[in-house]
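Chain by chain, the residues run as shown.
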Amino acid sequence: MFINDPIEIRPIQPADVPALRTILALGGVELLEPAERALYSNYQRSRALYVVAVRHGELVGGAGVVPFAGADPLTCELQRLIVRPGARRRGIGEALLRHCVAAARQFLYVRCCFETGVRGQAARRFYARHGFRELPEHGDWIMRPLRASARGWLDGVPVRPSFDGVTACALLGAGAQ
């Protein structure tokens with residue numbers, strides 16, 4: 001159900017971090033590494049952005065884009081798109097995703113990827129509705145720059161011995177969803 005509540009999408013501020021950590025914890029997201037726990041400073045670098053969604057003065061979600069580690073400079077990673085339980089199914093996730101994709105295009109990325117655990121079925125359906133396609137498992141990370149007409153647009157997946165999830169990507173070029 002989509003409820004047309006006014007939603008403000010804005011860049012994260014240091015004061016937003018405690019509320020965002022609570023939302024992430026409610027969503028089962030563990031921030032294990034120091035860079036993951038640096039929810040503000042990690043996004044204060046070139047070609048990176050984290051935005052939060054505020055509804056009725058309350059922080060209800062967030063999402064970010066950063067360069068995808070180990071990939072070519074044309075690929076970004078969508079990180080920590082999350083909406084607080086109780087605020088879901090109101091278009092907030094879509095608004096956050098649209099904002100991040102627009103920022104990624106401004107940063108001149110041509111691909112946006114995300115990773116999720118294999119049990120993240122609702123997340124996988126959400127991203128599929130918005131043009132993300134799951135990548136088949138391969139051996140090496142072999143991302144190459146895209147031509148506008150490329151159909152087989154991705155060549156590989158990062159292999160992480162400890163990662164048992166799914167990687168999916170979407171094109172960000174003209175006409176891409």
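Because the structure is a prediction, the values reported are computed rather than measured. Throughout, a residue's number is its position along its own chain's written sequence, starting from 1. The predicted origin of the model limits local features to residues at a pLDDT of at least 70 and limits the giving and counting of side-chain atom pairs to 80 or more, whereas totals for whole chains, interfaces and linings rest on all residues. To get the side-chain values, all heavy atoms of the structure are used, and hydrogens and water are removed first.

Q: Would you explain the overall build of the protein in this entry?
A: Counting secondary structure elements, the protein contains four helices and seven strands. A run of DSSP states H or I qualifies as a helix once it reaches four residues; a run of E qualifies as a strand once it reaches two. Both are numbered from the N-terminal end. The order of α-helices and β-strands along the protein, N terminus first, is β-α-α-β-β-β-α-β-α-β-β. We call a residue buried when its accessible area falls under 20% of the maximum for its residue type, exposed when it is over 50%, and partly exposed in between, using a 1.4 Å probe and counting protein chains only. Here the protein, with 177 residues, has 44% of them falling under the buried criterion. All accessible-area figures derive from a Shrake-Rupley calculation using a 1.4 Å probe, and residue coverage is judged against the displayed protein chains alone. When the accessible surface of the protein is split by element, carbon and sulfur atoms take 53% of a total near 9,900 Å².

Q: Any chance you could explain the environment of Gly-86 here in plain terms?
A: Positionally, Gly-86 belongs in the loop between strand E4 (75-83) and helix H3 (92-106). Among the residues examined, Gly-86 registers a relative accessible area of 55% and is labelled exposed. It is 9.0 Å that separates the C-alpha atoms of Gly-86 and Val-60, two residues lying 26 residues apart in sequence.

Q: Help me out: how do you make sense of the confidence of the model for the protein in this one?
A: Detailed reading of the predicted model is not advised wherever pLDDT is low. Confidence scores labelled pLDDT are given residue by residue by the predictor and lie between 0 and 100. Taken residue by residue, the protein gives an average pLDDT of 75. The fraction at 70 or more is 67%. Here strand E7 (residues 165-171) stands out as the least confident element of the protein, with mean pLDDT 60; strand E2 (residues 49-55) is the most confident, with 96. Contacts were defined at the residue level, with two residues in contact if any of their heavy atoms lie within 4.5 Å. In this model residues 138-165 is a low-confidence stretch, pLDDT under 50, and it forms 59 contacts with partners more than four residues away in sequence or in other chains.

Q: What should I look at first to understand the nonpolar core in this one?
A: Note on soluble globular proteins: their nonpolar side chains tend to be buried together. The term nonpolar core refers to a set of buried residues drawn from Ala, Val, Leu, Ile, Met, Phe, Trp, Tyr and Cys, joined through side-chain atoms within 4.5 Å. Leu-78, Leu-81, Ile-92, Leu-96, Leu-97, Tyr-127 and Phe-132 are the most contacted members of the largest nonpolar core, which has 24 residues in total. Of all the secondary structure elements, the ones that give two or more residues to this core are E2, strand E3 (58-67), E4, H3, strand E5 (111-117) and helix H4 (121-129). For this core, the leading source of residues is H3, giving seven residues. With 15 residues, the next largest nonpolar core counts Ile-23, Leu-24, Leu-39 and Leu-59 among its residues.

Q: Just to check I follow, could you spell out unusual backbone geometry for this structure?
A: Residues apart from glycine generally show negative phi values, whereas peptide bonds are mostly found in trans. Backbone geometry at Arg-47 places phi at a positive 60°, although glycine is not the residue there. Locating Arg-47 in the fold gives a position in the loop between helix H2 (34-37) and E2. One non-glycine residue, Arg-89, lies in positive phi territory at about 65°. Relative to the elements of secondary structure, Arg-89 occurs in the loop between E4 and H3.

Q: Can you help me understand the pairing of E2 in this one?
A: By the criterion of burial, E2 is predominantly enclosed, with seven of the seven residues buried. Burial along E2 is two-sided: Leu-49, Val-51, Ala-53 and Arg-55 facing one way and Tyr-50, Val-52 and Val-54 facing the other are all buried. Two strands form a pair only when DSSP identifies at least two bridges running between them. With five bridges connecting them, strand E1 (residues 7-11) and E2 associate as antiparallel partners. The residue bridging Arg-10 from the neighbouring strand is Val-52, located in E2. Here E2 pairs with E3 via seven bridges, running antiparallel. Note that in E3 the partner of Val-52 across the bridge is Gly-62. Hairpin connection between E2 and E3: a loop of two residues separates the two successive antiparallel strands, and His-56 in this loop has a positive phi of roughly 55°.

Q: How do you make sense of H4 when you look at a structure like this?
A: Count 3.6 residues to each turn of an α-helix, and residues three or four apart come out pointing the same way. Those residues of H4 that sit buried are Arg-124, Phe-126 and Tyr-127. Each buried residue of H4 lies within a common arc of 160° when the element is viewed along its axis, so the set occupies one face. Exposed residues on H4 whose side chains face more than 90 degrees from its buried face are Ala-122, Arg-125 and Arg-129. Trailing H4 by a residue or two, Gly-131 shows a phi angle of about 90°, which is positive. Our arc is simply the arc of the directions from the helix axis toward the C-beta atoms.

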